[in-house]
Amino acid sequence: MKNFYIVTNEQKDKELKLTLAVQEYILEKGGVCHFGLNRKAGPEGYRNLEPEEVPKGTECVFCVGGDGTMIRAARDLVETGIPVIGVNRGHVGYLCELDSETVFSAVDQLMEDRYVVENRMLLRGYCVCQGHLSLEHLAFNDIVIHRSGFLQVVNLIIYVNKEYLNTYSADGVIIATPNGSTAYSMSAGGPIVDPKAELLLITPISPHALNSKSIVLGAEDEITVEIGSRNQETEEAVEVSFDGDQSMKLSVGDRIMIRRARAHTRILKLSKLSFLEILRKKMQEYS
């Protein structure tokens, strides 16, 4: 492997010091390296990196920033099949394997072809608003349906494969991939799942019931969330966000349909540490 691309969150890498240092190191080692900046999503879509920006022949994309930078790149590049690896410049960084001290030795490993590639599943979802279908969007971590406007709970009616499952009276609900199990879903009390697993997680946000727990479903299931009516005296509305990047408003009677994405994203792994070892170290470090 010798063809690299770096996508950088310039808020995390001030003056692109690390980005330029990594690029220079790769060039000195006889490799090829270009870089681009992680942009804020625009109103017409939520791509932060267009696949056309990455030169043909690129074999690896370094994501310099944090988990968010890596999530956006992995999602945006899923159709290209180019594997990504994260360089953490943020805080916890569950997904980013590297940091500013280990990235240079990582370049050596990659150029010597000492790595493995793991496939990770994504979600795809589209909304049905007053009978009209929205564009389909992808999510690497989660799709979150949450209350908007007034500080009151909302009724969210959950169907699995068109069969009624449950109605949550809650602040919202999180539909997560195994990757997203250590993100918002974990904060809401959901289980931690090995990211290589193939399954779907449903986790309510601050449910107003003692028996509202997370539910684990098969990867091939289809989840439908319908916005139920609760208080006719106020205008009830919720928002749907995909990896926290883009939100869409839904009203009572609207629905969002969620399934696994057709393609997997590819994550480069260099460390021989198991998921459990990494998880244990993260818990000790940030406890």
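Residues numbered from 1 in each chain as written. Predicted model: local features only at pLDDT ≥ 70, side-chain atom pairs only at ≥ 80, totals over all residues. Heavy atoms only, no water.

Brief notes about the environment of P83
The cut-off we apply is this: Secondary structure counts use DSSP, requiring at least four H or I residues in a row for a helix and at least two E residues in a row for a strand, with both numbered from the N terminus. Think of it in three bands: residues with accessible area under 20% of the maximum for their type are buried, residues over 50% are exposed, and the middle band is partly exposed, with areas taken using a 1.4 Å probe on protein chains only. It only takes one pair of heavy atoms within 4.5 Å for two residues to be counted as in contact.
Locating P83 in the fold gives a position in the loop between α2 (67–76) and β4 (84–88). Taking the relative accessible area as the measure of exposure, P83 reaches 6% and is therefore buried. Between the C-alpha atoms of P83 and I143, which are 60 residues apart in sequence, the distance is 23 Å. Here P83 is in contact with E59, C60, V61, R266 and L268, once residues within four sequence places are set aside.

Brief notes about the sheet that holds strand β18 (residues 246–251)
Cut-off, in case you're wondering: The rule for pairing is simple: two strands pair if DSSP sees at least two bridges between them. For helices, the axis comes from a line fit to the C-alpha atoms of the stretch in contact; other axes are also lines fit to C-alpha atoms, and the angle between any two N-to-C directions lies between 0 and 180 degrees.
Spatial ordering of the open sheet is given by β15-β14-β13-β10-β17-β18, a layout of six strands whose pairing is antiparallel. Single-partner strands in this sheet number two, and they are β15 (215–218) and β18. Neighbour-to-neighbour, the strand axes of the sheet open up by a mean angle of 20 degrees, direction not taken into account. Sheet analysis places strand β10 (residues 142–148) next to strand β17 (residues 237–242), joined by six bridges and oriented antiparallel. Across the sheet, I143 pairs through a bridge with F242, a residue of β17.

Comments concerning the side chain of R260
The criterion, for reference: As used in this structure description, the phrase polar contact means that two N or O atoms lie within 3.5 Å; if the pair is within protein, one of them must be able to donate a hydrogen and the other to accept it, and residues adjacent in sequence are counted only when both atoms belong to side chains.
In this structure, R260 sits in strand β19 (residues 255–260). A polar side-chain atom of R260 sits 2.7 Å from a polar atom in the side chain of E220. Reaching out from R260, the side chain makes a polar contact with the side chain of H264 at a distance of 3.1 Å. With sequence-adjacent residues up to four places away left out, R260 is seen in contact with M121, L122, L123, R124, E198, A219 and E220.

Looking at the packing of aromatic side chains
Rules: Only Phe, Tyr and Trp rings are paired, with Trp represented by its six-membered ring, and only when their centres lie within 6.5 Å; those with planes under 30 degrees apart are stacked, over 60 edge-to-face, the remainder tilted.
Counted according to the given criterion, the structure contains three aromatic pairs. Look at Y25 and F104: their rings are 5.4 Å apart centre to centre, the planes differ by 80 degrees, and that puts the pair in the edge-to-face class. You can see Y25 sitting in helix α1 (residues 17–28) and its partner F104 sitting in helix α3 (residues 103–111), a full 79 residues away along the chain. Ring centres of Y159 and Y164 lie 5.9 Å apart, and the angle between their planes is 70 degrees; this geometry places the pair in the edge-to-face category. Among the residues examined, Y159 registers a relative accessible area of 24% and is labelled partly exposed. Look at Y164 and you get partly exposed, because its relative accessible area is 45%.

Comments concerning the packing of α1 against α3
Short version of the rule: Should the near helix be turned anticlockwise from the far one by less than a right angle, the crossing is termed left-handed; should it be turned clockwise, right-handed.
Orientation of α1 relative to α3, taken along the N-to-C sense of each, is 30 degrees, at an axis distance of 10 Å. Once α1 is placed against α3, the crossing between them reads as right-handed. Taken together, the residues of α3 that come into contact with α1 (itself represented by L18, A21, V22, Y25 and I26) are V103, F104, V107 and D108.

With respect to the confidence of the model for the protein
Note that predicted coordinates carrying low pLDDT should not be read in detail. Test applied: pLDDT: the predictor's confidence for each residue, scored from 0 to 100.
Per-residue confidence for the protein averages 88 on the pLDDT scale, and 91% of its residues sit at or above 70. Element-level pLDDT for the protein is lowest in helix α5 (residues 275–285), with a mean of 76, against a maximum mean of 97 in α3. Counting interchain partners and residues more than four positions distant, the pLDDT-below-50 stretch residues 42–46 has 11 contacts.

Quick look at α2
By the criterion of burial, α2 is predominantly enclosed, with nine of the 10 residues buried. Within the sequence span of α2, burial applies to D67, T69, M70, I71, R72, A73, A74, R75 and D76. The inward-facing, buried residues of α2 contact β1 (3–8), β3 (60–65), β4, β9 (137–139), β17 and β20 (265–269).

As for the pairing of strand β13 (residues 172–176)
When a strand is regular, its side chains alternate between the sheet's two faces. In terms of burial, β13 is a largely internal element, five of the five residues being buried. Because side chains alternate across β13, one face comprises the buried residues G172, I174 and A176, and the other comprises V173 and I175, equally buried. Relative to β13, β10 runs antiparallel, the two being bridged by five bridges. Along β13, the bridge assignment pairs I145 with V173. As judged from the five bridges shared by β13 and strand β14 (residues 199–205), these two strands associate in the antiparallel manner. When the sheet's bridge partners are listed, G172 is paired in β14 with I205.

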